[in-house]
Amino acid sequence: MINPHLLDELSQRGLVAQHSDPAALAAHLATARTLYCGFDPTAGSLHIGHLVPLLMLRRFQLAGHTPVALVGGATGLIGDPSFKATERSLNSADTVQAWVASLSAQISALLPADDGLCAPQLVNNGDWMGQMSALDFLRDIGKHFSVNAMLARESVRQRLARPDQGISFTEFSYALLQSQDFAVLNQRLGCTLQIGGNDQWGNITSGMDLTRRLHQTQVHGMTLPLITKADGTKFGKTEGGAIWLDPALTSPYAFHQFWLGTADEDVYRFLRYYSFMSLTEIDALEAEDAQRQGRKQAQQVLANELTELVHGKGALAVVQRIGELLFRGDVARLGESDLAQLAQDGMPSSAVSGEQDLVTLLVECGLANSRRIARELLAAGAISLNGVLKRDGRLSAGERLFGRYLLLRRGKKEYQLVICS
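Keep in mind the model is a prediction, meaning the values are calculated, not measured.

How each quantity is defined
- Residues numbered from 1 in each chain as written.
- Predicted model: local features only at pLDDT ≥ 70, side-chain atom pairs only at ≥ 80, totals over all residues.
- Heavy atoms only, no water.
- 1 Å grid on protein atoms, 1.4 Å probe; cavity = no way out; pocket = protein on both sides within 12 Å on 5 of 7 lines; lining within 4 Å.
- Points joined across faces, edges and corners; volume = space filled by probe spheres on them.
- Helix = DSSP H or I, 4+ residues; strand = E, 2+ residues; numbered from the N terminus.
- Nonpolar A, V, L, I, M, F, W, Y, C, P; charged D, E, K, R; others polar.
- Salt bridge = Lys/Arg side-chain N within 4 Å of Asp/Glu carboxyl O.
- Buried < 20%, exposed > 50% of the residue type's maximum accessible area, 1.4 Å probe, protein only.
- Core = buried A, V, L, I, M, F, W, Y, C linked by side-chain atoms within 4.5 Å.
- Contact = heavy atoms within 4.5 Å.
- Polar contact = N/O pair within 3.5 Å; in protein donor to acceptor, adjacent residues only side chain to side chain.
- Axes fitted to C-alpha atoms, helices over the stretch in contact; angles between N-to-C directions.
- Parallel < 35°, antiparallel > 145°, perpendicular 65-115°, else oblique.
- Left-handed = near helix turned anticlockwise from the far one by under 90°.
- Disulfide = S-S within 2.5 Å.
- Pairing = 2+ DSSP bridges.

(A) A look at empty space enclosed by the protein. In the structure shown here, the tally under the stated rule is 3 cavities of 30 Å³ or more. Considering only enclosed or pocket space, the largest cavity measures out at about 100 Å³ in volume. Broken down by secondary-structure element, the contributors of at least two residues to the lining of the largest cavity are α8 (154-160), α9 (169-172) and α10 (174-189). For the lining of the largest cavity, a count of residues per class yields 7 nonpolar, 3 polar and 3 charged. Estimated volume of the second largest cavity: approximately 70 Å³. Residues belonging to the lining of the second largest cavity are distributed by class as follows: 6 nonpolar, 3 polar and 2 charged.

(B) Just the pattern of salt bridges, in detail. Throughout the structure, instances matching the rule amount to 19 salt bridges. With a shortest N-O distance of 3.2 Å, R13 and E9 are connected by a salt bridge. Between R272 and E286 there is a salt bridge, with the nearest N and O atoms lying 3.3 Å from each other. You can see R272 sitting in helix α13 (residues 264-274) and its partner E286 sitting in helix α14 (residues 279-291), a full 14 residues away along the chain. Residue classification places R272 among the buried positions, given a relative accessible area of 17%. Here the salt bridges do not stand alone but share partners, grouping E324, R328, D330 and R333 into one network.

(C) Molecular detail of the nonpolar core. Membership of the largest hydrophobic core comes to 53 residues, with the highest contact counts inside it found for I48, L51, F60, I195, M222, W259 and Y274. Residue contributions to this core peak at 8 residues, all from helix α3 (residues 48-62). Excluding anything up to four places from it in sequence, F60 contacts L6, L10, L29, L35, H65, L193 and M222. A74, W128, F182 and V184 belong to the second-largest nonpolar core, a separate cluster that totals 26 residues.

(D) Focus on the side chain of D289. Inspection of the secondary structure assignment puts D289 in helix α14. A residue is classified by how much of its surface remains accessible, and D289, at 0% relative accessible area, is buried. For D289, the side chain forms a polar contact with the main-chain nitrogen of A298, separated by 3.1 Å.

(E) A look at the packing of α10 against helix α11 (residues 201-215). Remark: α10 packs on α11, axes separated minimally by 8 Å, with the N-to-C direction vectors making an angle of 50°. Overall, the two elements α10 and α11 adopt an arrangement that is oblique. Taken as a pair, α10 and α11 cross one another with a handedness that is right-handed. Each of Y174, A175, Q178, S179, Q180, F182, A183, N186 and Q187 in α10 lies in contact with α11, whose residues at this interface are N203, I204, S206, G207, M208, L210, T211, L214 and H215. For the contact of α10 with α11, the residue count by class is 8 nonpolar, 10 polar and no charged.

(F) The state of the cysteines, seen in detail. On inspection of all chains with the given rule, the structure shows 0 disulfides. C118 forms no disulfide, and the closest cysteine sulfur to it belongs to C191, at a distance of 12 Å. Since its relative accessible area comes to 25%, C118 is described here as partly exposed. There is no disulfide at C420, and the cysteine sulfur nearest it, in C365, is 11 Å away.

(G) Examining the environment of A382 more closely. As for its position among the elements, A382 is in the loop between α19 (371-379) and β10 (383-385). Overall, the relative accessible area of 23% leaves A382 in the partly exposed class. Residues A382 and R410, spaced 28 residues apart in sequence, show a C-alpha to C-alpha distance of 5.6 Å. Apart from residues no more than four positions distant in its own chain, A382 is found in contact with L377, R409, R410 and G411.

(H) Region of interest: the layout of surface pockets. For the largest pocket, the calculated volume is near 1300 Å³. The wall of the largest pocket is formed by 43 residues, among which H47, G49, H50, K84 and D199 lie closest to the centre. Elements represented by at least two residues in the lining of the largest pocket include exactly β2 (34-39), α3, α10 and β5 (191-197). By residue number, the principal contributor to the lining of the largest pocket is α3, which donates 5 residues. By volume, the second largest pocket is sized at about 780 Å³. What lines the second largest pocket is a set of 21 residues, and nearest its centre among them are Y253, Q257, G323, L326 and F327. Put simply, the parts of the chain that give the lining of the second largest pocket at least two residues each are α12 (252-260), α16 (313-328) and α17 (336-346).

(I) Up close: the sheet that holds strand β3 (residues 66-71). Pairing within the open sheet is mixed, and its 6 strands lie in the order β1-β6-β5-β2-β3-β4. In this open sheet, the two edge strands, each paired with only one partner strand, are β1 (18-19) and β4 (121-124). Sheet analysis places β3 next to β4, joined by 4 bridges and oriented parallel. Bridging across to β4, V68 finds its partner in Q121. Sitting on the sheet, α11 is in contact with β1, β5 and β6 (220-224), with an inclination near 170° to β6.

Structure below.
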């Protein structure tokens, strides 16, 4: 069943930055269509910056259209120069292919083939570009592009204005490769709409033009806004780097905590971007929070929605239990896998070897600035170990959780996890 109000809803959510001929696109989407979005394998995992376009494909799927996710096995060997200050480092073909497999698995999990919905499709542009010779590419694709127009692109001009960097012919040709993707998918799968981040607008319009030239077909393009925080800074990274969707790179607990830390000024906007809650539900939650004394509920809702979406209901239940046990100080009930998540990235951690007394350990892990302060903290009852108050510096191997973890707490909230070897 086609949702005729999809574009209006996307605009109300703030998810539309630019699109080609709004009236024509709205009329075009009145019947079932096929659209695509590309994801280049620049790492072994997607991060939360990829979530908005991925979820956009899902929104179109729920509205009755067929989503196609393209993983750039070919374009990933080149690297998109769009608004990058420096030339990308080229990765080996084996590395890129391994990343293609990882990203494909993540995308498939986030674009399920639900009953009653159009089945999503996953493609790799290496399947057609790898079979094309350089001469064929230059004759069949390159002849349709004006170097003058390509030089006029803002992303290219910015690089040319940096004489210490410039732009290689390899990266300069990236727009032709992405444009060819649109033309090929239009011919093979009937794709008539490409979506992407707002930095992709030039590549998308080039693909529209190439498709028209090669197949005499009108196609459409739409971009999503760059996600920023209320203070104008780019959203999606922490001091530790990107927030990855792979639980081996960002644990579900750290993922959940990241969303819990969303500022009040951003949280309702992010619910509109990232969640599938209706706009009415989000507005009602915002109104309730405005009347609420103390902590808002929106951050919890956002964290729960995104953690379940990316990692599943089981992982959400685990991270909620970890958070509750830490809040209550009932850390003795944490399991070994719970502590492994915390050791990965869930809280400050330290690795030590050999036998240590508690005074030395407090200094080494940074909970005390000196041995004197460590002894004063112990005497004052400010230090707990594995949820038990400690008043002396004795420490035994038997106190290690699962033979290797010591969970220290100073005061009520300052934790440090020690991994012993």
